[in-house]
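Okay, here's what each chain looks like letter by letter:
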Amino acid sequence: MAEPRPVLEMKCIVKEFAGTRALSGVDFRLFPGEIHALLGENGAGKSTLIKLLTGVHSLDGGTVSLDGRPVHITGPLQAQQAGISTVYQEVNLCQNLSVAENILIGREPVRAGRIRWKQLREQATELVTRFGLDLDVSAPVGSYPLAVQQLVAIIRAVSISDAAERRGAGGSKVLILDEPTSSLDRGEVEELFALMRRLRDEGMAIVFVSHFLDQIYEVCDRMTILRNGTLVAEHMVADLDQMQLVQLMIGKDLGQLEELSEHHAQPADGEPLLRTEGLGRTGGIAPFDLEVHAGEVLGLAGLLGSGRTELARLLFGADAPDGGRVDIDGKQVALRAPNDAIGRGVAFLSENRRAEGLVPDLTVRENIILALQAARGWTRPVPVSQRDELVAKYIAALDIRPADPEAPVSALSGGNQQKVLLARWLLTRPKLLILDEPTRGIDVGAKAEIQKLVVSLSEEGMAVVYISAELEEVLRLSHTIGVLRDRRLVSRIANGPDVTAGRVLEIIASGEHR
Amino acid sequence: MSLSSLWRAATQHRLFWPVAALIVLLLINVPFTPGFFEIHLKNGHLYGSLVSIVLFGSPLILVSIGMTLVIATGGIDLSVGAVVAISGALACLVVSKQADQNSVAGVLLSFGLALAAALVCGAWNGLLVARLGIQPIIATLILMVAGRGVAQLITGGQIITVNSDSYSLIGGGYWLTLPFSLFVVALVVVLSMVLTRRTALGLLVEAVGGNAEASRLAGIRSRRIKIMAYVFCGLCAGVAGLMISSNVSAADGNNAGLWIELDAILAVVIGGTSLTGGRFHLGGTIVGALIIQTLTTTIYTIGVPTQTNLVFKAVVVIIVCLLQSAAFREKAFGALTKRRNPARKDPGASVDAAPQLEVSP
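Fair warning: this is a prediction, and the values are worked out from it, not measured in the lab.

Quick look at the domain arrangement of chain A
All names here are of chain A.
Working step 1: Examined at the domain level, chain A breaks down into domain 1 (8-93 + 169-253), domain 2 (272-345 + 430-514) and domain 3 (362-428).
Working step 2: Each of domain 2 and domain 3 has a C-alpha centre, and the two are 25 Å apart.
Working step 3: On the domain 3 side, the residues contacting the 14 residues of domain 2 number 11 residues.
Working step 4: The contact between domain 2 and domain 3 buries some 950 Å² in all, and 78% of this surface belongs to carbon and sulfur atoms.
Working step 5: Taken as a group, I342, P430 and L453 account for 39% of the area that domain 2 buries against domain 3, more than any other trio of residues on that side.
Working step 6: Taken together, the links from domain 2 to domain 3 amount to one salt bridge.
Working step 7: A salt bridge links E449 to K419, with the shortest nitrogen-to-oxygen separation between them at 3.3 Å.
Working step 8: Between domain 2 and domain 3 we count two residue pairs in polar contact (both at pLDDT 80 or more) in total.
Working step 9: Of all the secondary structure elements, the ones that give two or more residues to the side of domain 2 that touches domain 3 are β19 (432-436) and α16 (444-459).

What follows is the structure, encoded as C-alpha cells:
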C-alpha cells in the first residue's frame, strides 16, 4: 500500500543555541488524519523541534515542507496562517481577558475598525458548544480552573486552523499539543482525547507530546522518538511495546526503574516531626489533623482540585490558616510566612515552576542559592568558595544539564529547571520536604531519578510529603497515604501490600473509610 | 581577525553603547567650545567643562543610584524631586535659624535633620508599596505632589537663603583641588556597590524584581527588601537635595529638583536596567546620568534655542535608547554591514545570532 503524502515533512533539521546543538539532523514527518506522538527525555529536543515548527525559533539548517511545498516559517503568525496551531504545556492565555476574547484574539469580528462584541460572543459560544463545553464566554479566563483554561487554549488553536482551512490556505491542518494533559484529571483527559479523535477523523494531523506513556498508547497512531537532539526511531504505536519504547527513549534498559522496588511499611512511631490540629482555610481545605515523622514519606492522593496543594501551602506558611495549630518538633509554631517555615526546616517545591519557583532573569547558580541565601539574610552572603562548591555539588548530584552554573535558568528544559528548584531546597537541609507534583511534565529518566532521591532522602531521616496525580507513584514511594476528596482530608492509611491503586481510588470516589 | 573579535566583544559589552553615546555627546561640544576637554588649575581648584559636568551632575547621579535599586525591585519612585526639595528646605531653614551660620555643628545638625526627613519619606513610600500593596507609580505620586507642598510649608512659601561657607561646601565647595560633591558621590557609589554586591542584597533585590511570588516562597522577606530600596532611594534624594541647595546657598521649595525623577528614570533605563525589574546595573546608571547631564550642558553650549530645549533632549534620548536595542541595531545597521562585507559570511551570521538570543525570553 502506497503511503499517502505527508502533510508536514522536516528534513535534516539543525538548531544550535550558543554553540550547543539542540537538534542535529532530525527528520520528522506527519501524515494527515493521524495522532503522532513526539517522544524523548527532557532536553532531547522535542520543545526545540516544536518551536521551530511554530516559528518561535528559526532554523540553522534543514528544510520544512507543508503539503510538499517548501515553506519558510518566520514567526508564530506565519505558522498559524500556514495552518500550524499550537497549544503549549503552560497555558498561554491572557488571564484578565474573557474566554471569548481569548479564543478569537487577533481574529475579532470587526466593522469599521471597531470590534463587534455581540458577534464575538456569539462566535465564541458557538465554538465552545461545538467542543462540548458549557462556559460563560464573557467571564475572564482566569476565573476558570487550569484544566478548563487548557481546553480553551485548544479550542483557540483548533479554531485558528479551521479558519485557515475555510480561507483555503492550502488546506493543511496541523495541531501541536505540547503536554496538554499534564494538568488535567482523568475525566478531562477523556474529553480531550475524544476531541482529538474527532479532529483526526476529520483529517487533521495532530502532534501530541506527553510524558504519560499510557496516554500515548491510548490515543496515538504513530510515534517519533528523539534522544539528545537526534532522531532515534519512527514507529507505528502498535509495533512497539512500552518497555521497548522506554529503552529507546533513555538509551539504556530499564533496570534503574525496576530496582526501585516498592518500599513501605516502616512503621512510623515516636514523636512526630510535624503535627497539625484542626488546621484549615476557608475555600482552601477543611480543617485537618496530620502527623509526619522523621524518615516518613507521606503521600497525598486525590483528584485535581481536591485540596492537595492547599494543604501543602498551609504546612509551608504560603497561605495563612483560619484556625488550628501546627507543632514542629513538639513545639507550637506560627507559620505566618514561608520564611517562618523555612527557618524551622520545612521546604516546599511548588507545582507551578514558572510562576512560583523560578526567577527567570537569574542564572542557575543564583536560583539554586536563593533559598539558602534568604534564610541567612542579606547581611551574610554565602561565601563565594562555599557557594560555588555547593552549587557544583548539586549540579553534579542531580545531573543538571547543561552543567553550567552561569547559564540563565530560563534556557534549561523543564526537567532540568525542576532539578534546579530541588537543589535550591536540598541546599537548605530541610527536615521536611514538601514536593507538589515534582515529576509532572518531566521525562521517565528524570522521574526515576527524583523518585530514587526521595527514597534515599527519607532513608537519611528526612520527612517527605509527596503529592502526585499519579497513584502508582504515590503507592510506590509512601509509607503513609493521605487521601483527599472535595477539599477534605478523608483518610490516612498505612501503606502495605494490601493497599492497591484500586482501594485508594475507591476512597477517592466514595470518600468513605476509617 | 583578533581585532574584529575584540571589537565584537567590546560592542557586546553592556556598557559599550552608553559609553559610546557619552563620548559622541562630549565630542559634539568641541567645535562649539574651544578647549572643551581642557582642565585648568586656578586658585588651587580644578576648572573645566568636564569638571562642571561632574559637579552639576552629582545630584542626578545620586538620585539615579537610588532609583536603580527601586526599579530593580519592580517599582518606581516619582517622589525623589519632592524629597530633594524637602531636604534642601529643612536644612536651609535650620542653618538660617543659627546665630552663627558658619558653625559646623549647626550645619551637621541641619544635615542630620534633612536626612532623617528623607528617610521618613522613603519609608513612607516603602510602606505604601510593600505593606499596603499600592502600585508604586501611584504610591509615590502621592508624595511627589504632597512633598512639594511640605517643602513650601517648611520655607513658608519663600526662598530661604543662607550665608554659610560650611553649608556651601557639600554642593559648591572644593577639597583637594576637586569639587567636594565628587567625594560625596564617590562615597555613595562605593557604598551602594558594597551594599549590593558584597552582601546578598543585590541578589535578593534582583530575585524580588524578577519574580516576587517565587521569591516569597523561597523565603525572601520581599517586603523588607522593597522598603529598604525605597528608604535608600529617599536617602540618596536627601543628599542630592543638600547638594542642590548648598550649590546656590538657597532652598526653593517650588523648583529644587524639579523633574529630576524623570531624568533619573531615563538615566537608569539608558544604563541598561529594565523598568520591569530584575537585573540592575549601577555602573550603567552612572554613565546614563552623565549622558543626561552632558546633554543638558551641550544644549547650553551649542546654543539650542531655549524653547526647543526639551524637544532636543527628547530626540537625543530616543536615539540613545534605540542604539541600545540589539533588534534596532540589526535592522538599521545589519543590512549595511552585510552589504559592506559580503565575504565575511560566517562571522556576520554569528553576530546576527547573538541579538536574537537576547530577544528571545
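From this point, the discussion proceeds with the structure in view.
Re the interface of chain A and chain B
Buried accessible area, meaning the area lost when the parts come together, often serves as the stated size of an interface.
Working step 1: Between chain A and chain B, the residue contacts involve 30 residues of the former and 26 residues of the latter.
Working step 2: Carbon and sulfur atoms make up 64% of the surface buried where chain A meets chain B, a total of about 2,300 Å² over both sides.
Working step 3: Remark: the boundary between chain A and chain B carries two salt bridges.
Working step 4: Where E213(B) meets R313(A), a salt bridge forms, and the shortest distance between an N and an O atom there is 3.9 Å.
Working step 5: Counting every contact that joins chain A to chain B gives six residue pairs in polar contact (both at pLDDT 80 or more).
Working step 6: Put simply, the parts of the chain that give the side of chain A that touches chain B at least two residues each are α10 (308-316), α11 (338-343), α12 (353-356), α13 (364-376) and α15 (414-426) of chain A.
Working step 7: No other element matches the six residues that α13(A) contributes to the side of chain A that touches chain B.
Working step 8: Its residues assigned to classes, the side of chain A that touches chain B comprises 18 nonpolar, six polar and six charged.

Quick word on the pattern of salt bridges
Working step 1: Scanning the entire structure with this criterion turns up 26 salt bridges over all chains.
Working step 2: Across the pair R222(A) and E34(A) runs a salt bridge, and its minimum N-O distance is 2.8 Å. Note that R222(A) is positioned in strand β11 (residues 222-227) and E34(A) in the loop between β2 (20-30) and β3 (35-39), a separation of 188 residues in sequence.
Working step 3: Between E213(B) and R216(B) there is a salt bridge whose closest N-O contact spans 3.4 Å. Note that E213(B) and R216(B) are positioned in helix α10 (residues 212-217) at a spacing of three residues, about one turn of the helix.
Working step 4: Here R216(B) falls in the partly exposed class, since its relative accessible area comes to 24%.
Working step 5: Overlapping salt bridges bring together R313(A), D319(A), E356(A), E213(B) and R216(B) as one network.

Brief notes about helix α18 (residues 501-510) of chain A
Residues and elements named next belong to chain A.
Working step 1: Listing the buried residues of α18 in full gives A501, V504, I507 and I508. On an axial view of α18, the arc spanned by its buried residues comes to 125 degrees, and they lie on one face. Facing away from the buried side of α18, by more than 90 degrees, are the exposed residues E506 and A509.

Some remarks on the packing of aromatic side chains
Working step 1: Summed over all chains, the structure comprises 11 aromatic pairs over all chains.
Working step 2: Judged by centre distance (6.5 Å) and plane angle (45 degrees), the rings of F180(B) and F183(B) are tilted. With F180(B) and F183(B) both in helix α8 (residues 180-198) and three residues apart, this pair spans about one turn of that helix.
Working step 3: One aromatic cluster is present, built from ring pairs that chain together F316(A), F348(A) and W425(A).
Working step 4: One cation-aromatic arrangement involves K42(B) over Y47(B); the distance from NZ or CZ to the ring centre is 5.1 Å.
Working step 5: When the ring centre of F280(B) is taken as reference, the NZ or CZ atom of R197(B) above it lies at 4.4 Å.

Quick notes on the nonpolar core
Working step 1: In this structure, F288(A), F316(A), I368(A), L432(A), I434(A) and Y167(B) are the most contacted members of the largest nonpolar core, which totals 160 residues.
Working step 2: Beyond its immediate chain neighbours, meaning those up to four positions away, L432(A) contacts L273(A), L274(A), V292(A), G345(A), V346(A), A347(A), A463(A), V464(A) and V465(A).
Working step 3: L127(A), L199(A), L213(A) and M249(A) belong to the second largest nonpolar core, which has 54 residues in total.

A closer look at the domain arrangement of chain B
Residue and element names in this part refer to chain B.
Working step 1: Domain assignment breaks chain B into domain 1 (49-286) and domain 2 (304-349).
Working step 2: A separation of 33 Å is found between the C-alpha centroids of domain 1 and domain 2.
Working step 3: If you look at the interface, domain 1 gives five residues, while domain 2 gives five residues.
Working step 4: Carbon and sulfur atoms make up 67% of the surface buried where domain 1 meets domain 2, a total of about 370 Å² over both sides.
Working step 5: Its largest share of buried area at the contact with domain 2, domain 1 owes to D263, L266 and I270, together 85% of the area lost on that side.
Working step 6: In this assembly, domain 1 and domain 2 are joined by one salt bridge.
Working step 7: Put simply, D263 and K313 hold a salt bridge, and the shortest N to O gap is 3.4 Å.
Working step 8: Counting across the domain 1 and domain 2 interface gives one residue pair in polar contact (both at pLDDT 80 or more).
Working step 9: When the residues that make up the side of domain 1 that touches domain 2 are grouped by side-chain class, the tally is three nonpolar, one polar and one charged.

A short note on the sheet that holds strand β5 (residues 69-71) of chain A
All names here are of chain A.
Working step 1: If you walk across this open sheet you meet the four strands as β2-β1-β4-β5, and the pairing is antiparallel. Across the chains shown, the open sheet's two edge strands, defined by having one partner strand only, are β2 and β5. Geometrically, the sheet is characterised by an average inter-axis angle of 30 degrees between neighbouring strands, direction not taken into account.

Quick look at the packing of helix α9 (residues 201-210) of chain B against helix α11 (residues 222-248) of chain B
All names here are of chain B.
Working step 1: Two numbers describe how α9 lies on α11: the axes approach to 10 Å, and their chain directions differ by 110 degrees. Considering their axes alone, α9 and α11 lie roughly perpendicular with respect to each other. Between α9, through L201, L204, V205 and V208, and α11, the contact on the second element is made entirely by S222, I225, K226 and M228.
Working step 2: Residues of the contact of α9 with α11, tallied by class, amount to six nonpolar, one polar and one charged.

Analysis parameters
- Residues numbered from 1 in each chain as written.
- Chains lettered and ligands numbered in written order.
- Predicted model: local features only at pLDDT ≥ 70, side-chain atom pairs only at ≥ 80, totals over all residues.
- Heavy atoms only, no water.
- Domains from an automatic or database assignment.
- Contact = heavy atoms within 4.5 Å.
- Buried area = accessible area lost by both parts, 1.4 Å probe.
- Salt bridge = Lys/Arg side-chain N within 4 Å of Asp/Glu carboxyl O.
- Polar contact = N/O pair within 3.5 Å; in protein donor to acceptor, adjacent residues only side chain to side chain.
- Helix = DSSP H or I, 4+ residues; strand = E, 2+ residues; numbered from the N terminus.
- Nonpolar A, V, L, I, M, F, W, Y, C, P; charged D, E, K, R; others polar.
- Buried < 20%, exposed > 50% of the residue type's maximum accessible area, 1.4 Å probe, protein only.
- Arc of directions from axis to C-beta.
- Phe/Tyr/Trp six-rings, centres within 6.5 Å; stacked < 30°, edge-to-face > 60°.
- Lys NZ or Arg CZ within 6 Å of the ring centre and 35° of its normal.
- Core = buried A, V, L, I, M, F, W, Y, C linked by side-chain atoms within 4.5 Å.
- Pairing = 2+ DSSP bridges.
- Axes fitted to C-alpha atoms, helices over the stretch in contact; angles between N-to-C directions.
- Parallel < 35°, antiparallel > 145°, perpendicular 65-115°, else oblique.

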